Amino acid sequence: MKDPTVFQYLLGTLIFATSMLTVLGKNPVMSAMNLMATLFLTGLMYFSVGAYFVGAVQILIYAGAISVLFIFIVMLLDLKPRYFQIPGRKPVYFLAGGISLLFFVGLIVSVLPALGENGILDFGLIATNELVSGSQTPEAISLRLLSKYMLPFQVTALLLLAAVMGVVVLGKKNKLPESDGGIF
Amino acid sequence: MDQLQFLTAMGITIFGMGVLGFLTRRSGIVALMCLELMLNGVNLCLVSFSHIHGSADGSALMMLIVLVAAAEAALALALFVAIFRQSSSVELDDYRMLKG
């Protein structure tokens, strides 16, 4: 197994920075923009390991569709900027930070037994020679989806149908005459 | 540190960011964005494992996760727009009516 390339270290740094800005930014529009950058850079990370089809799907669907939906909704609702810190309720705040730190440190310790090896200065931009032949091609992935994962694939169709119906119902105007104020 | 460790660490980092934001941010839409971050971290781990083992299983699962994430984002955003019409707020602290 090769060491990570300089390109991957650079991508990792950028992903870290943009995801941090997504979480900590006070303006929801900037959060959405940074989310889009994170998703796009993750797609580039897929490219860097040779999973081109998966990277293309990531950029098309995640960075191209879902984050545009987020930006559209944030701009539609015209949300006010909110700072990251929460006034009062300090125990809850520290509990949340502690839980996520525990997740993070525990998982990192479990996968990184030995930090720091040589070969950091490997200037190969894309590690294509690591690609096992025919493992990440669209053909292999679609064969898996249509044979081994046939049932989840079909259930996903049901899920999408349910989501479309739910969005239509939620987006409809409330026609009930006695509804004043609704549930809130 | 080889590539698998690095990629897994990146996935865990993105997931941890998502957990932190989901637990601490009070805006519902930003919490949804953090949910997407968590899914993204899981996707990165799946694709790296799939790449290391030379099989397409992880990538196929990643496709399913992307579909679920798209459906979830569309539905949740429609829900927030519907709630915003009635209470003019997407702050999660403002939704206390369901609390007995």
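Everything numeric in this text was worked out from a predicted model, so none of it was measured.

About the cut-offs
Residues numbered from 1 in each chain as written. Chains lettered and ligands numbered in written order. Predicted model: local features only at pLDDT ≥ 70, side-chain atom pairs only at ≥ 80, totals over all residues. Helix = DSSP H or I, 4+ residues; strand = E, 2+ residues; numbered from the N terminus. Buried ≥ 20, exposed ≤ 12 C-beta atoms within 10 Å, placed from the backbone. Rg over C-alpha atoms; globule rule 2.2 N^0.38 Å. Contact = placed C-beta atoms within 7 Å. Nonpolar A, V, L, I, M, F, W, Y, C, P; charged D, E, K, R; others polar. Axes fitted to C-alpha atoms, helices over the stretch in contact; angles between N-to-C directions. Parallel < 35°, antiparallel > 145°, perpendicular 65-115°, else oblique. Left-handed = near helix turned anticlockwise from the far one by under 90°. Core = buried A, V, L, I, M, F, W, Y, C linked by C-beta atoms within 7 Å. Expected span 1.5 Å × (residues − 1). Bend = angle between axes of the 7 residues up to and from the residue. pLDDT = per-residue confidence, 0-100.

## Some words on the overall build of chain A
Line of reasoning, step 1. The helix and strand inventory of chain A stands at six helices and zero strands.
Line of reasoning, step 2. Reading the secondary structure of chain A in the N-to-C direction produces α-α-α-α-α-α.
Line of reasoning, step 3. The buried share among the 184 residues of chain A stands at 26%.

## Thoughts on the overall build of chain B
Line of reasoning, step 1. Looking only at helices and strands, one finds three helices and zero strands in chain B.
Line of reasoning, step 2. When the helices and strands of chain B are listed from N to C terminus, the series reads α-α-α.
Line of reasoning, step 3. Over its C-alpha trace chain B gives a radius of gyration of 17 Å, far above what one expects of a compact globule, namely 13 Å for 100 residues.
Line of reasoning, step 4. Across the 100 residues of chain B, 55% fall into the buried class.
Line of reasoning, step 5. A separation of at least 24 residues holds for 50% of the contacts in chain B among residues at least 6 apart in sequence.

## Details of the interface of chain A and chain B
Line of reasoning, step 1. Contacts between chain A and chain B engage 73 residues on the former and 62 residues on the latter.
Line of reasoning, step 2. Contributions of two or more residues to the side of chain A that touches chain B are made by α1 (6-24), α2 (28-48), α3 (52-77), α4 (90-111), α5 (138-146) and α6 (150-171) of chain A.
Line of reasoning, step 3. When residues of the side of chain A that touches chain B are assigned to their parent elements, the largest contribution, 11 residues, is made by α3(A).
Line of reasoning, step 4. Considered class by class, the residues forming the side of chain A that touches chain B number 50 nonpolar, 18 polar and five charged.

## Quick word on the packing of α5(A) against helix α3 (residues 57-87) of chain B
Line of reasoning, step 1. Across the interface, α5(A) lies against α3(B) with an axial gap of 9 Å and an inter-helix angle of 70°. Relative to α3(B), α5(A) is oriented roughly perpendicular. Judged by the sense of rotation from one axis to the other, the crossing of α5(A) with α3(B) is right-handed. On the side of α5(A), the interface is formed by A:I141, A:R144 and A:L145, while α3(B) contributes B:D57, B:S59, B:A60 and B:M63.
Line of reasoning, step 2. Considering only residue class, the contact of α5(A) with α3(B) consists of four nonpolar, one polar and two charged.

## A word on the nonpolar core
Line of reasoning, step 1. Core analysis: the biggest nonpolar cluster contains 59 residues, and B:I29 and B:M33 have the highest contact counts within it.
Line of reasoning, step 2. Look past the residues within four positions of B:I29 in its chain and what remains in contact with it is A:P28, A:I73, A:V74, A:L79, B:F80 and B:V90.

## A few points about the environment of B:G11
All names here are of chain B.
Line of reasoning, step 1. Take G11: it is sitting in helix α1 (residues 3-24).
Line of reasoning, step 2. Put simply, G11 and S48 are 37 residues apart on the chain and 9.2 Å apart in space, counted from C-alpha to C-alpha.
Line of reasoning, step 3. The residues touching G11, leaving out its near neighbours within four places in the chain, are G41, V42, L44, C45 and S48.

## Topic: the environment of A:L145
Line of reasoning, step 1. As for its position among the elements, A:L145 is in helix α5.
Line of reasoning, step 2. With 19 C-beta atoms packed within 10 Å, A:L145 lands in the partly exposed category.
Line of reasoning, step 3. For the pair formed by A:L145 and A:T156, sequence separation is 11 residues and the distance between their alpha carbons is 11 Å.
Line of reasoning, step 4. For A:L145, the residues in contact, after removing those within four places along its chain, are A:F153, B:A60 and B:M63.

## Side note on α3(A)
Residue and element names in this part refer to chain A.
Line of reasoning, step 1. Here α3 is 26 residues long and its end C-alpha atoms lie 36 Å apart, about the 38 Å a rise of 1.5 Å per residue gives.
Line of reasoning, step 2. The principal kink in α3, of about 25°, is found at S67.
Line of reasoning, step 3. Those residues of α3 that fall on the buried side of the exposure criterion are V54, G55, V57, Q58, Y62, I66, S67, F70, I73 and V74.
Line of reasoning, step 4. Immediately downstream of α3, the backbone of D78 shows phi near 55°, a positive value.

## Re the packing of α2(A) against α3(A)
All names here are of chain A.
Line of reasoning, step 1. α3 packs onto α2 with a crossing angle of 175° between their chain directions and a minimal axis gap of 8 Å. When the interaxial angle is binned, α2 and α3 end up roughly antiparallel. Note on element contacts: α3 touches α2 through Y52, V54, G55, Q58, I59, Y62, A63, S67, F70, I71, V74 and M75, opposite P28, V29, A32, L35, M36, L39, F40, T42, G43, L44, Y46 and F47.
Line of reasoning, step 2. Each residue belonging to the contact of α2 with α3 can be placed in one class, and the counts come to 19 nonpolar, five polar and no charged.

## Thoughts on α3(B)
Line of reasoning, step 1. With 31 residues, α3(B) should reach 45 Å at 1.5 Å per residue; the first-to-last C-alpha distance of 44 Å fits that figure.
Line of reasoning, step 2. Among the residues trailing α3(B), B:S88 stands out with phi positive, at a value near 55°.

## Concerning the confidence of the model for chain A
Low pLDDT means the predicted coordinates in that region are not meant to be read closely.
Line of reasoning, step 1. With 74% of its residues at a pLDDT of at least 70, chain A reaches an overall mean of 78.
Line of reasoning, step 2. Per-residue pLDDT stays below 50 along residues 113-131 of chain A; that stretch engages in 27 contacts with residues further than four places along the chain or on separate chains.

## Focus on the environment of B:A78
Line of reasoning, step 1. Note on placement: B:A78 falls in helix α3.
Line of reasoning, step 2. Once the C-alpha coordinates of B:A78 and B:D94 are considered, the two residues, 16 residues apart in sequence, prove to be 18 Å apart.
Line of reasoning, step 3. If near-sequence neighbours (up to four positions away) are discounted, B:A78 is found in contact with A:V167, A:L170 and A:G171.

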